[in-house]
Amino acid sequence: MPVPDTRHEESLPRWLAILLALLPATAYIAISWLSAANSPQSDDYPQFFFTVMQHQQAQTLMEHLRALHWNYFQHNGVSFKLVALAMYQLSGQVDLHLANLLGNL
């Protein structure tokens, strides 16, 4: 005589599971964005401003590369500098809210 299957596998719908998984990340990003001040707060921000200023003053390709690779307290965050330059080129301003958000991801 066959034994009936008494397991009841109740699971969340896939869309609800994805929504619940994304909820903490969305809350973290929202809180980071809302609590960020648009003013320099640590040693990474001078790197942001100096990179943009050196890029504006550079006349040759070598000066642009030097501005991209200069160190500030042994920090050589080329990716951060590229984001800073791209942000400045696209918007014409330095937005520290976005820099804070990208730094927290």
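Attention here is on the structure that accompanies the text.

What counts, and where the lines are drawn
Residues numbered from 1 in each chain as written. Predicted model: local features only at pLDDT ≥ 70, side-chain atom pairs only at ≥ 80, totals over all residues. Heavy atoms only, no water. Helix = DSSP H or I, 4+ residues; strand = E, 2+ residues; numbered from the N terminus. Buried < 20%, exposed > 50% of the residue type's maximum accessible area, 1.4 Å probe, protein only. Areas by Shrake-Rupley, 256 points an atom, 1.4 Å probe, with all protein chains shown as cover. Patch = residues over 30% accessible without salt bridge, like charges linked within 9 Å, V, L, I, M, F, W, Y side chains within 5 Å. Salt bridge = Lys/Arg side-chain N within 4 Å of Asp/Glu carboxyl O. Axes fitted to C-alpha atoms, helices over the stretch in contact; angles between N-to-C directions. Parallel < 35°, antiparallel > 145°, perpendicular 65-115°, else oblique. Contact = heavy atoms within 4.5 Å. Nonpolar A, V, L, I, M, F, W, Y, C, P; charged D, E, K, R; others polar. Core = buried A, V, L, I, M, F, W, Y, C linked by side-chain atoms within 4.5 Å. Expected span 1.5 Å × (residues − 1). Arc of directions from axis to C-beta.

1. As for the overall build of the chain
- When you go through the chain residue by residue, the secondary structure sums to five helices and zero strands.
- Across the chain, helices and strands are ordered from the amino to the carboxyl terminus as α-α-α-α-α.
- For the chain, the residues scored as buried account for 19% of the 105 residues in total.
- Surface summary for the chain: the accessible area is close to 8100 Å², and the carbon and sulfur share equals 63%.

2. Observations concerning a nonpolar patch on the surface
- A surface patch of nonpolar side chains, about 290 Å² in accessible area, is lined by L12, L20 and L23.
- Locating L12 in the fold gives a position in the segment before α1 (14-35).

3. Topic: the packing of helix α3 (residues 61-69) against helix α4 (residues 78-91)
- Packing of α3 against α4 leaves a shortest axis separation of 8 Å and a crossing angle of 120°. Considered as vectors, α3 and α4 are oriented oblique to each other. Listed contacts from α4 to A67, L68 and H69 of α3 are V78, K81, L82 and L85.
- Broken down by class, the residue content of the contact of α3 with α4 amounts to five nonpolar, one polar and one charged.

4. Digging into the environment of R66
- Here R66 shows up in helix α3.
- In this structure, the C-alpha to C-alpha distance between R66 and H55, residues eleven residues apart in sequence, is 9.1 Å.

5. Comments concerning the environment of M53
- Within the fold, M53 resides in helix α2 (residues 44-57).
- According to the relative accessible area criterion, M53 is partly exposed, its value standing at 39%.
- In this structure, the C-alpha to C-alpha distance between M53 and L85, residues 32 residues apart in sequence, is 9.8 Å.

6. With respect to the nonpolar core
- Grouped together as the largest cluster of nonpolar side chains are five residues: F48, A84, M87, L96 and A99.
- When residues of this core are traced back to their parent elements, those giving at least two are α4 and α5 (96-104).

7. Considerations on the environment of I29
- Residue placement: I29 occurs in helix α1.
- Residues I29 and L101, 72 residues apart in the sequence, show an inter-C-alpha distance of 7.1 Å.

8. Some remarks on α4
- Compared with an ideal rise of 1.5 Å per residue, which puts 14 residues at 20 Å, α4 spans 20 Å between its outermost C-alpha atoms and is within 8% of the ideal.
- Inspection of α4 places K81, A84, L85 and M87 among the buried residues, and these make up the whole buried set. For α4, the buried positions fall inside an angular range of 160° around the axis, keeping them on one side. Within α4, the exposed residues directed more than 90 degrees away from the buried face are S79, Q89 and L90.

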